[in-house]
Amino acid sequence: FRFKDSLARDLRRADLVISHAGAGSCLETLEEGKPLIVVINEKLMGNHQLELAKQLHRDGHVLCCNCSTLVETLQSMDLSTLKPFPPGQPEKFALFLDKVVGFQ
Amino acid sequence: TGGHTTEILRLLSCLSESYSPRHYILADSDEMSEAKIRSFEQKRAETFSNSQFTLDRIPRSREVRQSWSSSVVTTLYSMLYSLPLTYKLKPDLILCNGPGTCVPVCISALLLGLLGIKRAIIVYVESICRVETLSLSGKILYYFSDYFIVQWPGLKEKYPKSVYLGRIV
């Protein structure tokens with residue numbers, strides 16, 4: 001499973017995803033609507049990567065744990081508490097940019 | 001690079017064809033972004049006839065976690081490429097979202113503006129990954145961009161001159 005071009009197919013078939021806190025992994029998973037448990041590696045603390053994982057957790061979109069608490073989390077988790085992750089809205093950016101540049 | 005490219009293509013996804021031609025500038029070490037960009041532009045060409053784009057590369061201005069002082073040197077080196085390229089392209093609008101590559105390009109555009117050669121509007125969109133702190137590119141371009149967009153309200157509080165539109169990628 002070393003390096004695949006795209007995990008999209010595997011992602012779509014999954015019922016649950018357990019991932020590191022990388023932004024790409026988190027966002028791709030949430031956008032597919034899959035439940036996600038983010039495993040935080042304490043040795044990487046201070047890495048800005050954690051900012052997104054923490055916010056997603058605060059907003060109720062993901063479960064968080066660390067390596068030592070993963071098993072416990074899997075045993076006691078309630079995935080129904082996870083809130084769906086709404087897609088971003090690039091159309092808002094387009095509207096903003098049109099105004100800035102003067103296209104109406 | 002990688003995530004930045006995915007984000008910027010999403011930002012472009014809803015733009016009208018008035019934003020044409022599009023000139024992409026990549027770091028020379030970036031392998032995956034070119035494929036993503038070509039795929040995006042190919043799809044776009046299916047909808048909009050006369051869709052135009054170009055692709056150029058400049059030396060990567062900074063490696064992840066490279067020291068500040070050596071980054072200044074490598075950025076200046078990248079500018080040897082970004083300055084003539086920006087002069088040639090004379091963009092009306094520069095859209096960037098945080099990879100080190102955008103710093104030499106934006107500095108080049110600012111210089112061209114100061115010299116009265118071409119004034120570009122610089123729009124910077126900080127990555128969605130940045131919830132509490134800005135990237136190094138963001139910290140620099142917060143002062144030099146015309147519009148600085150953040151995607152989380154906490155950053156809007158810390159950086160009052162920024163624009164908050166919610167999540168846009």
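Thresholds, definitions, all that
Residues numbered from 1 in each chain as written. Chains lettered and ligands numbered in written order. Predicted model: local features only at pLDDT ≥ 70, side-chain atom pairs only at ≥ 80, totals over all residues. Heavy atoms only, no water. UniProt positions renumbered as here; feature names shortened; annotations may be inferred. Helix = DSSP H or I, 4+ residues; strand = E, 2+ residues; numbered from the N terminus. Contact = heavy atoms within 4.5 Å. Buried area = accessible area lost by both parts, 1.4 Å probe. Salt bridge = Lys/Arg side-chain N within 4 Å of Asp/Glu carboxyl O. Core = buried A, V, L, I, M, F, W, Y, C linked by side-chain atoms within 4.5 Å. Buried < 20%, exposed > 50% of the residue type's maximum accessible area, 1.4 Å probe, protein only. Expected span 1.5 Å × (residues − 1). Pairing = 2+ DSSP bridges. Axes fitted to C-alpha atoms, helices over the stretch in contact; angles between N-to-C directions.

Naming follows an unreviewed UniProt entry, where chain B appears as UDP-N-acetylglucosamine transferase subunit ALG14 of Columbina picui. Under the UniProt heading Sequence similarities (unreviewed entry), the note attached to chain B is "Belongs to the ALG14 family." Under Subcellular location (unreviewed entry), UniProt gives the following word-for-word description of chain B: "Endoplasmic reticulum membrane".

Looking up chain A in an unreviewed UniProt entry gives the name UDP-N-acetylglucosamine transferase subunit ALG13, with the organism given as Columbina picui. On record in UniProt, under Subcellular location (unreviewed entry), the comment for chain A is "Endoplasmic reticulum". Check the Sequence similarities (unreviewed entry) section of the UniProt entry for chain A; it says "Belongs to the glycosyltransferase 28 family."

**A look at the environment of B:Leu85**
Within the secondary structure, B:Leu85 is located in helix 3 (residues 68-89). In sequence terms B:Leu85 and B:Ser108 are 23 residues apart; their C-alpha atoms lie 8.9 Å from each other.

**Examining the interface of chain A and chain B**
Interfaces are often sized by the amount of accessible area the parts lose when they come together. Counting residues at the interface gives 27 residues for chain A, matched by 27 residues for chain B. Regarding the contact of chain A and chain B, the summed buried area is about 2400 Å², with carbon and sulfur atoms giving 66% of it. Sorting the residues of chain A by area buried against chain B places A:Glu51, A:Phe93 and A:Phe96 first, and these three jointly supply 27% of that buried surface. Connecting chain A to chain B are two salt bridges.

**Some details on the nonpolar core**
Ranked by internal contacts, the top residues of the largest apolar core, which has 45 residues, are A:Val38, A:Phe93, B:Tyr24, B:Val125 and B:Ile149. Of all the secondary structure elements, the ones that give two or more residues to this core are helix 2 (23-31), strand 2 (36-40), helix 3 (49-58) and helix 5 (90-101) of chain A together with helix 1 (2-12), strand 1 (22-27), helix 2 (32-47) and strand 4 (121-125) of chain B. Among the elements that take part in this core, helix 5 of chain A stands out by supplying five residues, more than any other. The contact partners of A:Val38, leaving out residues within four places of it in the chain, are A:Ser19, A:His20, A:Ala21, A:Cys26, A:Ala53, A:Val62, A:Leu63, A:Cys64 and A:Cys65. If you look at the next biggest cluster of nonpolar residues, it comprises 20 residues, including B:Cys102, B:Ala109, B:Ala120 and B:Ile122.

**What about the pattern of salt bridges?**
All told, the structure shown has eleven salt bridges over all chains when counted by the stated rule. For A:Arg12, the salt bridge goes to A:Glu32, with nearest N and O atoms at 3.3 Å. A residue pair is termed long-range when its members are at least 10 positions apart, and A:Arg12 in helix 1 (residues 8-13) and A:Glu32 in the loop between helix 2 and strand 2 qualify at 20 residues. Judged by its relative accessible area of 51%, A:Arg12 falls in the exposed class. Notably, a salt bridge pairs B:Glu132 with A:Arg58, separated by 3.0 Å at the nearest N-O pair. With B:Glu132 in the loop between strand 4 and helix 5 (136-144) and A:Arg58 in helix 3, this pair bridges two chains.

**So, helix 4 (residues 102-114) of chain B**
All names here are of chain B. If you check helix 4, its first and last C-alpha atoms are 18 Å apart, about what 13 residues at 1.5 Å a residue would give, namely 18 Å. The complete set of buried residues in helix 4 reads Cys102, Val103, Pro104, Val105, Cys106, Ser108, Ala109 and Leu112. Considering only its buried residues, helix 4 is in contact with strand 1, strand 2 (53-58), helix 3, strand 3 (93-96), strand 4 and helix 5. Gly116 sits one or two positions beyond helix 4 and adopts a positive phi of about 75°.

**Quick notes on the sheet that holds strand 3 (residues 63-66) of chain A**
Residue and element names in this part refer to chain A. Strand order in this open sheet of three strands is 1-2-3, and the pairing throughout is parallel. The strands lining the two open edges of the sheet, one partner per strand, are strand 1 (17-19) and strand 3. On average, each strand axis in the sheet is inclined to that of its neighbour by 25°, with strand direction left out of account. By the bridge criterion, three bridges tie strand 1 to strand 2 in an arrangement that is parallel. If you follow Ser19 over to strand 2, its bridge partner there is Val38. Packing against the sheet, helix 2 makes contact with strand 1 and strand 2, and its axis sits at approximately 170° to strand 2.

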